[in-house]
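An overview of the molecular structure
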Amino acid sequence: MIEARRFHIDGRVQGVGFRPFLARLAHEQGLAGEVVNRGGRVEGVVEGSAQDVAVFLCRLMQSPPEGSIILALRHEPVEVRGRRGFGILPAQPGEDGERYLPPDCAPCPDCLAELSDQADRRYRYPFITCAVCGPRVSLLASLPWERAHSGMAGFAPCPACLGEYHDPSDRRFHAESIACPACGPRLWLLRDGGRLDGDSACLAAAVQVLREGGILALKGVSGYQLLCDARNEAGVRRLRERKHRPSKPLAVMFPWGGSDGLEAVRRDFVLDANAAGALASSARPIVLLRPAGLARSLPELIAPGLAEIGVMLPSSPLHHLLLADFGGAVVATSGNRSGEPLASAPEEAERRLTGIADAFLHHDRPILWPMDDPLLRIIGGSVRPLRLGRGDAPLELELPFAFERVWLAAGGQMKNAVALGWGRRAVLSPHVGELDSTSGLARFESSVVNMQARYERRAESIAHDAHPGYVSTRWARAQALPQRAVQHHAAHASALYAEAWMAHGKPPEDMLVLVWDGLGYGADGGLWGGEALLGHPGQWRRVASLRPFRLPGGERAAREAWRCACGLCWEAGRDWGGAPEGMDTELLHAAWARGLNAPLTSSMGRLFDAAAALLGLCPRASYGAIAPAQISLECRSGFSPTCRHECRPTIADKAGRINSYSASYEGEAAMRLETVAAGHGADVHPLELAWRQEDILRLDWMPLLDVLLDVRCPLAERAACFHASLARAAVCLARELGVARVGLSGGVMQNRLLVETIHAEAARVGLQVFSPARVPVNDAGLAFGQLVEAHFMECSV
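Residues numbered from 1 in each chain as written. Predicted model: local features only at pLDDT ≥ 70, side-chain atom pairs only at ≥ 80, totals over all residues. Heavy atoms only, no water.

A separate point is the sheet that holds strand β21 (residues 461-465). Spatially, six strands are ordered β17-β20-β19-β18-β21-β22 in an open sheet, and the strand pairing comes out mixed. Each edge of the open sheet is held by one strand with a lone partner, namely β17 (395-398) and β22 (483-486). Each strand of the sheet is rotated relative to its neighbour by a mean of 20°, with strand direction disregarded. For β17 and strand β20 (residues 425-428), the ladder comprises four bridges, and the chain directions are antiparallel. Looking at β20, one finds that E396 is bridged to V427. (Pairing = 2+ DSSP bridges. Helix = DSSP H or I, 4+ residues; strand = E, 2+ residues; numbered from the N terminus. Axes fitted to C-alpha atoms, helices over the stretch in contact; angles between N-to-C directions.)

Put into structure tokens, the structure is as follows:
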């Protein structure tokens, strides 16, 4: 019996080769019909024998193209018309249907094979793509996915490309980003005021810059990167000096090698299955890895004082060619000045990166949505995101509950990302970054526009952090829309609760969430950060908190960990002589005692900073207004992650003066503390849990001071004891409150040693622990939690 059926497919089905896949499937089943991208979905008709139609519908669900996600398939009978052949129709707009954006994808194996095949017409073409790989969301203006709606609109396909595009047997059949050397994007290179054209010549010149120890600004898939030879210590030092990035870790990109691409990485790093799978995935993220063996083959300047290095593989054909020709690893860091957003256009890059880069490798394919590289860490045997970006953003989530209207969440101040929620969907944007500059605010506003435009949803309400001083809060309050302030730690807890709900398929009962982070504006107007919240979204109750202490100097303590150490010791009635030379600690103590610019905080992040300072691990590093002449990693015994002495990198100005003990990036002190502690056993010092009048348990850090200040004990053992004691305290806290499950959230929970020790302690007593694996646990995931919390706050009114 002959029948015809119209089908509608919802999900991520555009930009992933779905229409060519359906055309080939229809041909194999002997079916006629048509398919079209309409709005955000794929629709079509198939006609033929009832059995072949049934097999067609079954096969499309069982073996869809890689990268696609089918969320719904609907089909209904339509009139049989004696259709002949199967065609792909031009994309059409559509009012209904959800939008799912295709992510940027690294080159597929077939494209890589052609890239190195001298007989292929795309041999060594830096912009080779096909129907299943290449730039997508960073190149996309709007759905439906077609060339006219993308950054490729200005490149008219040549006859050869058109022939492939219309050939059902070709793997570039209806590949919207199709291009070749005759008709596609091209490279040009600028150096010393001169311009060089031609892909081959530009690549050769770029390689020469790297071999000379120079710094190359390269336009990648979704933004500019700054590259230099990763094994050239002088080149890495120059990059740090010019970028004013004294010690923040740098990522390293390795050339593709071997059957799985990881041959070069394996020579230098420890790889497990999780890390290998993440590195070689189509997103090509940065993954934090431990070097193999005791001695690093890369300069210490790559990640001073840390035991892990961010590693990545080439994310584009251009990167593949450049690294293969160079023959080694390169530092690949974001193309920006410190504190500024990523550059994405040639003129912008030259304006902002001149003085840092020795040469610019540009191309003329537009970037319509700039994105940083994503960052992952393996914690507790699972891959966990620390930053979303090219290849894995926007993060699209299907929710077990429904928003009643369209919400926009503005996120936080640091590690900002924004989120959009409507119906049963939430979407978290790529990393925006810090908002303390005009360029940061501009990128934030651009992300807000991009999210609403790409998903064709206009915000009807705004959720924002309760902190009145956040740029995102002030921006939200200036909008002519209904708003809801969300307490910082409640947003973290709600993000974790929602992910646990999605993971388990049912809402958890009231959950205890430990939200440990740097600082967040508390419900009482105080500075929270070591909190335990019990309940569920919209109904969180603060049941425990870290014993508070005052921060001498207020906000400066977030950068100058010695201030946290002073505050901790003074709170305990003890003196500490570790303040910077020349600092008038008597005056500072007098101000602290009177509460002048010394706010109380319960911040776990500041406790970690204090511990690092007490152990002598904090760098004397601040570029600030000084012009650094050198970065010195020399100390009493030569800095190494396993050193037991008070070793610390220093940065000197041109006069040789050391600036104040100041971290050069957020979390630096705590990361050094984790590095020193990792791999060392330690005794546990029980921490007191005491009820206070406000019915809140206080976790007392006081017993940790004795061990932290005991110079007879090796430094690594003191650091390990600090971690182990807090992990045990976390489990004791949960048991004291009588809960069966606990969630871990907040930026402190990026600490692998702490999280894994908590999991181990919890397993010992039968306590269930949940850590997020889809949404970043730090403030990069805050906006998602704001969506969830704002929704349930309104539901509970």
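Pairing is possible between side chains of opposite charge, provided their charged atoms come close. Throughout the structure, instances matching the rule amount to 46 salt bridges. Across the salt bridge formed by R38 and E43, the nearest N and O atoms sit 2.5 Å from each other. The exposure class assigned to R38 is partly exposed, which follows from its relative accessible area of 25%. In this structure E43 comes out as buried when scored by relative accessible area, which is 8%. Residue R83 is joined to E47 by a salt bridge in which the shortest nitrogen-to-oxygen separation is 2.4 Å. Taken together, the positions of R83 in the loop between β4 (69-78) and β5 (86-88) and E47 in strand β3 (residues 41-49) put the pair 36 residues apart, joining distant regions of the chain. Across this residue pair, the class does not change: R83 and E47 are buried. Each of R12, E98, E396, E398, R425 and R457 takes part in a single network of salt bridges with overlapping partners. (Salt bridge = Lys/Arg side-chain N within 4 Å of Asp/Glu carboxyl O. Buried < 20%, exposed > 50% of the residue type's maximum accessible area, 1.4 Å probe, protein only.)

Another aspect to go through is unusual backbone geometry. Omega for the peptide link from L143 to P144 comes to 0°, which places this bond in the cis form. Relative to the elements of secondary structure, P144 occurs in the loop between α3 (109-115) and α4 (159-165). For H244, which is not a glycine, the phi torsion comes out positive at approximately 55°. Positionally, H244 belongs in the loop between α6 (233-243) and β10 (252-253).

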